[in-house]
Amino acid sequence: KGIADDDFSGFLEKYMELMRFHPGWKKVVPLFAKWKDLNGRVTEQYVFLNALAKDFNLPLPYIEQMCRSSVEFSNETLCKLSPCIFGTPASRFISLLNAPSVSEHIWIHRQMTSLLDFNAQNPTGRYRLDLGLCTDYHVAEQLLLLDRWEAVVDARRERYDVSVRGDGSHMRNELFMGRPLHLLVPTVSEWTLPEFAEFEVDYVSNQRPPNDAEPLSNDLWEMVLMEIHDSGCRPQDVIVVLRSISHNFYLSSLQIRMMLGYFRTAEQRAEAFVTFYMRVTDLHNGKLFRVRFRDQGEMLHLTDRLGYAAFFPFVQPENSQFNLDLTKNDHRLCASIYVRLAFKEKSNNLREPVWIHSDGTRDLLPLGVPRSWDTPSKIPRDGFFKGSYACAPEDRQFAFRRELAATYGFYNITVDEHEVEWWTGLTEPPQDVIEFLEFLISRVSHVDEAFTIIDGENGNGVITLREFEDGFAKLKCHKFKGKDEMQRIGILFRYMDMGGEGTVSLKEWQLLDQLWKEFELSIREFAHFLSLCFGADIEEAWQELDRDNSGSICKAEFEQAVSNMGYFGPSEAVFALLDTTDNGTIEFEEFEVLRKFMPGELD
């Protein structure tokens, strides 16, 4: 009572205040006397501390007094009683000042890491907890409490159940002693937390930014990222710091994308991304950062951690691929969303759907996906549902997509369709599409110009396959010369003919513009990175890349050099765009094109 739905810290503090014992002055004097009497009897001291850790709230001065009463046992006292410290989170850090020495301070801090790093206001993340430690046990206890609190909030707000097993839980991938927890208990809410072994879990909050939330300014976020780059700290330490402050601000999709370029490994990117995913103010532009996860396995890992409903691309599902386990609640929900989208927009938007039964039998669904599958409860709980989704711009039902996002994703999209950054990643289309776009970028100022060349000045506004084949001659494009030229041109045409009518409209052709923007943003980000490292001196950047002074840089040399510099963005795309001669190397004359993408030039 009196606690806001999204005030997680307030809820936990209130719960601890009501459910734990606060010893008054008359009680605390004999309590301290008993503790002093136990000095030197280690086993009994452990029992005494364990009892206090589970049921008592103690202010910081009480902890300090107990440390002074038994100096040789102060390390254990601080570790075990840190969950009892009542007051602001800073009190736990202040308590560490009672450590007898620097080395013991470090030891205590390591024992308390899970508790000190826990951010109740933004609990989404992966936890590995040793339940034998009082501090880790306390974190697990708080996660279970938050899970039940959010389940109550969801029920009150009549939110759809997007949990894995349909039990309303916000926990996923729970492991106890290395085994799935659901093999021991039906739901995590029925589990009595033990005081031993390791507990691993992904917690995913349903907390969303308010409608009026504003992201950090780009300048301030850039300053944060530069401090990260220059700090020399280990990436895992950087992530801990970011998580500890993450509840204080929101980010835009473009800022998330910027952040991902500062982490080398997939695991580091995933940890940073999961921390801020629920803090994004414009998830309708989420394709901006989704395309940075170029490996499909990386995307599947993120989806499994965040939840299939929470991570569903409601606004831009184009080119998404899915492999859904129909035995799981949120997977069936996503299958239903894809089916509903297809029935609302165009039935053949579901590409190559297949239902693989649990016995391995493949049902290619020759009559189409059953219409009853638009209801999650009517989808069979057997096997896997695989396929992909594509949609022509003319068939897009934006209002319906917004409705799905509000119903199942719990976030309100207040922008109109023309305000969305429609985007396509460089790994989504066939490679021939990328090569054709690279050709266009070096020949025309915009994709519409190429469309006009092919369709003619007074054309009918659509391009047929024959016109497209003739258009290659008009464009003087010889990229696909060879015996399979017509086949490769046909692949290009079918990719752009999203509606399947046998013609490509201007809106469908402008799908290439989405790829063009990704190319341009990638190279702009790289130029910006170079400006941060070398200023406006493009020659110094070239010398750093061309270490052997050969005058040219091959692809492998380029990728290794930029990685050593700390750039972990799409270096392949940058190299391909700079290599305008398609000879597999970059010369300085080609590299100089980055000048016009430098921040000063852009301004």
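Criteria and cut-off values
Residues numbered from 1 in each chain as written. Predicted model: local features only at pLDDT ≥ 70, side-chain atom pairs only at ≥ 80, totals over all residues. Heavy atoms only, no water. Helix = DSSP H or I, 4+ residues; strand = E, 2+ residues; numbered from the N terminus. Buried < 20%, exposed > 50% of the residue type's maximum accessible area, 1.4 Å probe, protein only. Contact = heavy atoms within 4.5 Å. Core = buried A, V, L, I, M, F, W, Y, C linked by side-chain atoms within 4.5 Å. Axes fitted to C-alpha atoms, helices over the stretch in contact; angles between N-to-C directions. Parallel < 35°, antiparallel > 145°, perpendicular 65-115°, else oblique. Left-handed = near helix turned anticlockwise from the far one by under 90°. Nonpolar A, V, L, I, M, F, W, Y, C, P; charged D, E, K, R; others polar. pLDDT = per-residue confidence, 0-100. Pairing = 2+ DSSP bridges. Phe/Tyr/Trp six-rings, centres within 6.5 Å; stacked < 30°, edge-to-face > 60°.

1. A look at the side chain of Asn 349
Positionally, Asn 349 belongs in the loop between α16 (329-345) and β6 (350-356). We classify Asn 349 as buried; its relative accessible area is 0%. Once residues lying within four places of it in the same chain are set aside, the contact partners of Asn 349 are Ser 388, Tyr 389, Ala 390 and Cys 391.

2. A closer look at the nonpolar core
Counting 69 residues, the largest nonpolar core has Ile 256, Met 259, Phe 273 and Phe 385 as its most contacted members. It is α16 that contributes the most residues to this core, eight residues altogether. Those residues in contact with Ile 256, other than ones at most four positions away along the chain, are Leu 251, Phe 273, Phe 276, Val 280 and Phe 289. Counting 59 residues, the second largest nonpolar core, distinct from the first, contains Ala 390, Ala 450, Phe 480 and Phe 575.

3. Observations regarding the packing of helix α18 (residues 431-441) against helix α20 (residues 465-475)
Taken N-terminus to C-terminus, the directions of α18 and α20 make an angle of 40 degrees; their axes are 12 Å apart at the nearest point. Of the possible angle classes, the one that applies to α18 and α20 is oblique. Here α18 runs over α20; the crossing is left-handed. From α18, Phe 436, Phe 439 and Leu 440 reach across to α20, where they touch Phe 468, Phe 472 and Leu 475. The residue makeup of the contact of α18 with α20, split by class, is six nonpolar, no polar and no charged.

4. Considering the confidence of the model for the protein chain
Mean pLDDT for the protein chain: 91, with 99% of residues reaching 70 or above. Between the elements of the protein chain, mean pLDDT differs from a low of 50, seen in helix α28 (residues 599-602), to a high of 98, seen in strand β4 (residues 198-203).

5. A word on the sheet that holds strand β2 (residues 171-176)
Taken in spatial order, the four strands line up as β1-β4-β2-β3 in an open sheet, and their pairing is antiparallel. Of all strands in the sheet, those bounded by a partner on one side alone are β1 (125-130) and β3 (179-180). On top of the sheet, helix α15 (residues 296-306) reaches β1, β2 and β4; it is set at about 90 degrees to β2, its chief contact.

6. Concerning the sheet that holds strand β7 (residues 362-363)
Strand order in this open sheet of four strands is β5-β8-β6-β7, and the pairing throughout is antiparallel. Of all strands in the sheet, those bounded by a partner on one side alone are β5 (320-325) and β7. Here six bridges tie β5 to strand β8 (residues 384-389), and the two strands are oriented antiparallel to one another. Paired with Leu 324 across the two strands is Phe 385, which belongs to β8. Here α16 sits on the sheet in contact with β5, β6 and β8, set at roughly 135 degrees to β5.

7. A short note on the pairing of β4
Of all six residues in β4, five are buried; the element is thus mostly enclosed. Looking at chain direction, β1 and β4 are connected through six bridges and run antiparallel. Of the residues in β4, the one forming a bridge with Gly 125 is Tyr 203.

8. Observations regarding the packing of aromatic side chains
Going through the model one piece at a time under the given rule, you end up with 44 aromatic pairs. A ring pair is formed by Tyr 160 and Tyr 408, whose centres lie 5.1 Å apart and whose planes are at 80 degrees; its orientation type is edge-to-face. Placement of the pair is Tyr 160 in the loop between α9 (134-156) and β2 and Tyr 408 in helix α17 (residues 398-409), with a sequence separation of 248 residues. Judged by its relative accessible area of 33%, Tyr 160 is partly exposed.

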